[in-house]
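Read off the chains here:
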Amino acid sequence: MNADALTFLKNLMKQPSPSGFEVPAQKVIRERLRLFADRVTGDVHGNLIGALNEKAKTKVMLAGHVDEIGLMITHVDDKGFIFFSAIGGWDAPVAVGQHVCITTAKGPVYGVIGRKPVHLLDQAEREKGVKLEDLWIDIGARNKADALKAVAVGDSVVITPDFIELKNELVSSRAFDDRVGAWVVTEALGALRRRKLNVAVYAVATVQEEIGLRGAITSAYHLKPDIGIAVDVGFTSDYPGADPKKVGDTALGKGPILHQGANINPVLGKLLCDTARRKKIKFQMQAEPRGTGTDANAIQLARGGCAAALVSVPSRYIHSPVEVVSLRDLDATVALVAETVAALTARENFIPS
Ligand SMILES: [Zn+2]
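In short, a report on the structure.

About the cut-offs
- Residues numbered from 1 in each chain as written.
- Predicted model: local features only at pLDDT ≥ 70, side-chain atom pairs only at ≥ 80, totals over all residues.
- Axes fitted to C-alpha atoms, helices over the stretch in contact; angles between N-to-C directions.
- Helix = DSSP H or I, 4+ residues; strand = E, 2+ residues; numbered from the N terminus.
- Parallel < 35°, antiparallel > 145°, perpendicular 65-115°, else oblique.
- Left-handed = near helix turned anticlockwise from the far one by under 90°.
- Contact = placed C-beta atoms within 7 Å.
- Nonpolar A, V, L, I, M, F, W, Y, C, P; charged D, E, K, R; others polar.
- Buried ≥ 20, exposed ≤ 12 C-beta atoms within 10 Å, placed from the backbone.
- Pairing = 2+ DSSP bridges.
- Core = buried A, V, L, I, M, F, W, Y, C linked by C-beta atoms within 7 Å.

### Describing the packing of helix α2 (residues 23-36) against helix α5 (residues 176-192)
Here is step 1 of the chain: Axis separation between α2 and α5 bottoms out at 8 Å; the angle between their running directions is 20 degrees. Regarding the angle of α2 to α5, the classification is roughly parallel. As for the relative orientation of α2 and α5, their crossing is left-handed in sense. Contact residues: α2 offers I29, R32, L33, L35 and F36, while α5 offers A182, T186, L189 and G190.
Here is step 2 of the chain: Among the residues making up the contact of α2 with α5, the classes are represented as 6 nonpolar, 2 polar and 1 charged.

Written out as structure tokens, the structure is:
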């Protein structure tokens, strides 16, 4: 991966963005999009849109969601302990023992998610497992009034950013779901900016995917794309206990995951596969028998329908503080998305026949 692209990724991972429209995260993407796009705009919902070759009639929307799962403060008790609800889908046990960063009006406030020491858990408590509502955040406050000097009900919380490099070009962080998608569509716009294009391209950093594909719904409605490609993280079966019968035989480092099923326009799906083969980009295939839980679903269903596809970056431990992806897969995903868009003639007929 080139140094600028890696710096962009690292900067992006530092920004808490549980709704998607937090200003620092938007700023990092906006600055990068400005290098590549003819025009960068934001919409009222918070989606960021980088446009290229807007004069072309056929429109392609590339979407990666910039929001991440998080927590939201619901209550502060008399002792100053902070209780919360989930923003998006959490696996409660992974929250225990984490450092967290609360976004407040006055800047970040740090805390920890505590739990009773294992020595003091009785048998019933051990067997019950952990639920989010049993957990709390400790910011070191003396009491409720002291806590409320620092935080407010409604403030959002993420796992404290911590990007690390593992062996073999693997990297780990919270929120690769789906900051890597926003990264891919931005970098794909960069790869396309000096190419001859037959289509207009809109790279969209969508908001609020984790709570119902909300930014893709508004941005796809607004942009009216003919073709839409969502980039998200995809499940792998390359770690202990993972089941290839559920997610296919997929692994890190083996290239982007393409999908077959109702959410994928067959003509666009074939174009992605053909492009990968022609450009010698390794890819993996995953079955998706129904609508995917990704922006590809909202884009496909926008207005009268759109030729949609999903391209996934293989990822381990999705929705945990230690999601893992491969930098090589990230580069390959950019190449596949960009080459597929560059190959569009605008004369394709996406009506299945
Ligand atoms: Zn997610």
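The structure having been displayed, the exposition proceeds.
### Comments concerning the pairing of strand β17 (residues 323-326)
Regular strands have side chains that alternate between both faces of the sheet.
Here is step 1 of the chain: Side chains of β17 alternate between two faces, with E323 and V325 and V324 and S326 buried alike.
Here is step 2 of the chain: With 4 bridges joining them, strand β11 (residues 170-173) and β17 adopt antiparallel strand pairing. Opposite S172, over in β17, you have V324 as the bridge partner.

### Structural notes on the nonpolar core
Here is step 1 of the chain: Judged by nonpolar contacts, the single largest core of 79 residues is most densely connected at L62, V201, I299 and V337.
Here is step 2 of the chain: At 9 residues, the largest contribution of residues to this core is made by α5.
Here is step 3 of the chain: What L62 contacts, discounting residues up to four positions off in sequence, is V185, A188, V201, Y202, A203, V204, I229, V231 and V337.
Here is step 4 of the chain: With 21 residues, the next largest nonpolar core counts L71, V100, A150 and V158 among its residues.

### Thoughts on the environment of A191
Here is step 1 of the chain: Of note, A191 is situated in helix α5.
Here is step 2 of the chain: C-beta crowding within 10 Å serves as the criterion here: with 16 such atoms nearby, A191 is assigned to the partly exposed category.
Here is step 3 of the chain: Considered as a pair, A191 and E54 are 137 residues apart in the sequence and their alpha carbons are 16 Å apart.
Here is step 4 of the chain: Aside from chain neighbours lying at most four places away, what touches A191 is V334 and A338.

### Brief notes about the sheet that holds strand β3 (residues 59-65)
Here is step 1 of the chain: The mixed open sheet is built from 8 strands, whose spatial order is β1-β2-β12-β3-β13-β16-β14-β15. With partners counted over all chains shown, the strands left at the sheet margins are β1 (39-42) and β15 (284-288), one partner each. Direction aside, neighbouring strands of the sheet carry axes that sit 25 degrees apart on average.
Here is step 2 of the chain: Pairing between strand β2 (residues 48-52) and strand β12 (residues 200-206): 5 bridges, direction antiparallel. Paired with G50 across the strands is A203, a residue of β12.
Here is step 3 of the chain: Sheet strands touched by α5: β2, β3, β12, β13 (227-235) and β16 (307-315). Its angle to β3, the strand with the most contacts, is close to 145 degrees.

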